[in-house]
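Below are the chains, spelled out letter by letter.
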Amino acid sequence: KKLARIFRDSLNEIYIFNYDNLKFIKVNDAGLVNLGYTLQELQEMTPVEIKPEYDIQKFLKLVEPLKNGEKDSIVFETVHRRKNGTTYNVEVHLQLMQYENEKYFSAIILDITKRKIALQALKESEEKYRTLIENMGEGMILTDLDDKILFVNKRICDIYGYEQSELIGKIGYEIIETEESREIIQEKHRQRVKGVSDTYEVKGIKKSGEVIWTRI
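Quick caveat: nothing in here was measured; it's all calculated off a predicted structure. The numbers attached to residues start from 1 for each chain and follow its sequence in the written order. With the structure being a predicted model, the display of local features is reserved for residues of pLDDT at least 70 and the display and counting of side-chain atom pairs for 80 or more, all residues being used for whole-chain, interface and lining totals. Computation of side-chain values: all heavy atoms of the structure, hydrogens and water removed.

**Considering the packing of aromatic side chains**
Aromatic contacts are taken between Phe, Tyr and Trp rings whose centres are within 6.5 Å, Trp giving its six-membered ring; a plane angle under 30 degrees counts as stacked, one over 60 as edge-to-face, and the others as tilted. Taken as a whole and assessed by the stated rule, the structure comprises 7 aromatic pairs. Aromatic side chains Phe17 and Phe59 sit 6.2 Å apart centroid to centroid with 50 degrees between the ring planes, which places their arrangement in the tilted category. Of this pair, Phe17 sits in strand S1 (residues 13-18) while Phe59 sits in helix H4 (residues 56-67); the two residues are 42 residues apart in sequence, bridging distant segments of the chain. For the pair Phe17 and Phe59, one class covers both residues: buried. Where helices and strands are cited, they refer to DSSP runs of H or I of at least four residues and of E of at least two residues respectively, numbered from the N terminus. Each residue is assigned to one of three classes by its accessible area relative to the maximum for its type, calculated with a 1.4 Å probe on protein chains only: buried under 20%, partly exposed between the two thresholds, exposed over 50%.

**Concerning the layout of surface pockets**
Both cavities and pockets are sets of points on a 1 Å grid over the protein atoms alone; in a cavity a 1.4 Å probe fits but cannot get out, in a pocket the set is open with protein on both sides within 12 Å along at least five of seven lines, and lining residues sit with an atom within 4 Å of a point. Grid points are joined across faces, edges and corners, and a volume is the space filled by probe spheres set on the points. Of the pockets and cavities examined, the largest pocket occupies roughly 630 Å³. Forming the walls of the largest pocket are 27 residues, and the residues nearest its centre are Gly139, Ile141, Ile156, Arg215 and Ile216. Only strand S6 (141-143), helix H6 (154-160), helix H9 (179-193), strand S8 (201-205) and strand S9 (211-215) provide two or more residues apiece to the lining of the largest pocket. Ranked by residue count, the leading element in the lining of the largest pocket is H6, at 4 residues.

**Some details on the pattern of salt bridges**
For this analysis, a salt bridge means a side-chain nitrogen from Lys or Arg found within 4 Å of a carboxyl oxygen belonging to Asp or Glu. Evaluated as defined, the whole model comprises 5 salt bridges. Here Glu44 and Lys23 are joined by a salt bridge, their closest N and O atoms 3.7 Å apart. Here Lys23 lies in the loop between S1 and strand S2 (24-27) and Glu44 lies in the loop between helix H3 (39-42) and H4, a separation of 21 residues in the sequence. Residue classification places Lys23 among the partly exposed residues on the basis of a relative accessible area of 31%.

**A look at H4**
Expected helix span is computed as 1.5 Å times (number of residues minus one). Across its 12 residues, H4 extends 15 Å between first and last C-alpha, which sits within 8% of the 16 Å expected from 1.5 Å per residue. Listed as buried for H4 are Phe59, Leu62, Val63, Pro65 and Leu66. Within H4, the buried residues cover an arc of 135 degrees as seen down the axis, which keeps them to one side. For H4, the exposed residues set more than 90 degrees away from the buried face come down to Gln57 and Lys61. Whether two residues are in contact is decided by their heavy atoms, any of which lying within 4.5 Å being enough. Buried residues along H4 sit against S1, strand S3 (73-81), strand S4 (87-99) and strand S5 (102-111). Structurally, the start of H4 carries an N-cap: the backbone nitrogen of Gln57 is 3.3 Å from a side-chain oxygen of Asp55. Directions pointing from the helix axis toward each C-beta atom define the arc. Here a polar contact is taken to be a pair of N or O atoms separated by no more than 3.5 Å, where protein atoms must pair a possible hydrogen donor with a possible acceptor and residues adjacent in sequence count only if both atoms sit in side chains.

**Considerations on the sheet that holds S1**
Working definition: the strands of a sheet are paired by backbone hydrogen bonds and lie parallel or antiparallel to each other. Here 5 strands make up an open sheet; going across it, the order is S2-S1-S5-S4-S3 and the pairing antiparallel. Two strands in the sheet have a free side with no partner beyond their single neighbour: S2 and S3. Taken over all neighbouring pairs, the strand axes of this sheet differ in orientation by 30 degrees on average, direction set aside. Across 10 bridges, the pairing between S4 and S5 is antiparallel. The residue of S5 that forms the bridge with Leu96 is Phe105. Any two strands are treated as partners once DSSP identifies two or more bridges connecting them. In this description, a line fitted to the C-alpha atoms serves as the axis of each element, helices being fitted only across the stretch in contact, and the angle between N-to-C directions of two axes falls anywhere from 0 to 180 degrees.

**Thoughts on a nonpolar patch on the surface**
Taken together, the side chains of Tyr129, Leu132, Met136 and Met140 make up a nonpolar region of the molecular surface, amounting to roughly 390 Å² of accessible area. Among the secondary structure elements, Leu132 is positioned in helix H5 (residues 113-134). Think of a patch as exposed residues, more than 30% relative accessible area, with no salt bridge, where like charges cluster within 9 Å and nonpolar side chains (Val, Leu, Ile, Met, Phe, Trp, Tyr) cluster within 5 Å. Each accessible area is a Shrake-Rupley estimate made with a 1.4 Å probe; only the visible protein chains count as cover when residues are assessed.

**Section: the pairing of S5**
Bridge count between S1 and S5: 6 bridges; the pairing is antiparallel. Looking at S5, one finds that Glu13 is bridged to Ile109. Hairpin connection, S4 to S5: the antiparallel pair is bridged by 2 residues, and Glu100 has positive phi, about 50 degrees.

In structure tokens:
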């Protein structure tokens, strides 16, 4: 009774469906409410009928590793279609169960619509931020704690005469800084790691070999 109540009251959608014909056997309240079908309607349907991105062949190929014992579970993202035709993004946790010598598939469904929206908003924000940095008037270099260059904007390329691909992954003081500037920059980096930050001027080297002064 406790397990049945957990199954029924779970906020995540839970589906149990037949091993052979894939028809739904049991669906909890969260699944019924979100999809808009009755249990009787779903018991005449298979997962393929609520997953517009899948046909029967593609779904059978998906569950094959569970059938042959290659995997214990499968996690994947797809789309579910409700009875009214609307869709929502889901993360599916699928596994094969055995009870009293009979095999069943069980699936726990997480509605990830909000996650997808948040990720898209983050992506758009990152793209806007990157565009702003790429086109800003001042040069910008992003390095790790060992001074390996992770990112440079267009202005840095213009200043030093390099392509981005020529600088990414390189040690900054080995390619665009003079020997006498290296110790200064390394010491300033050590101070910044400790929370001490200020601006300073050093000599840099352009790809052409020309020495220039830069403020960091």
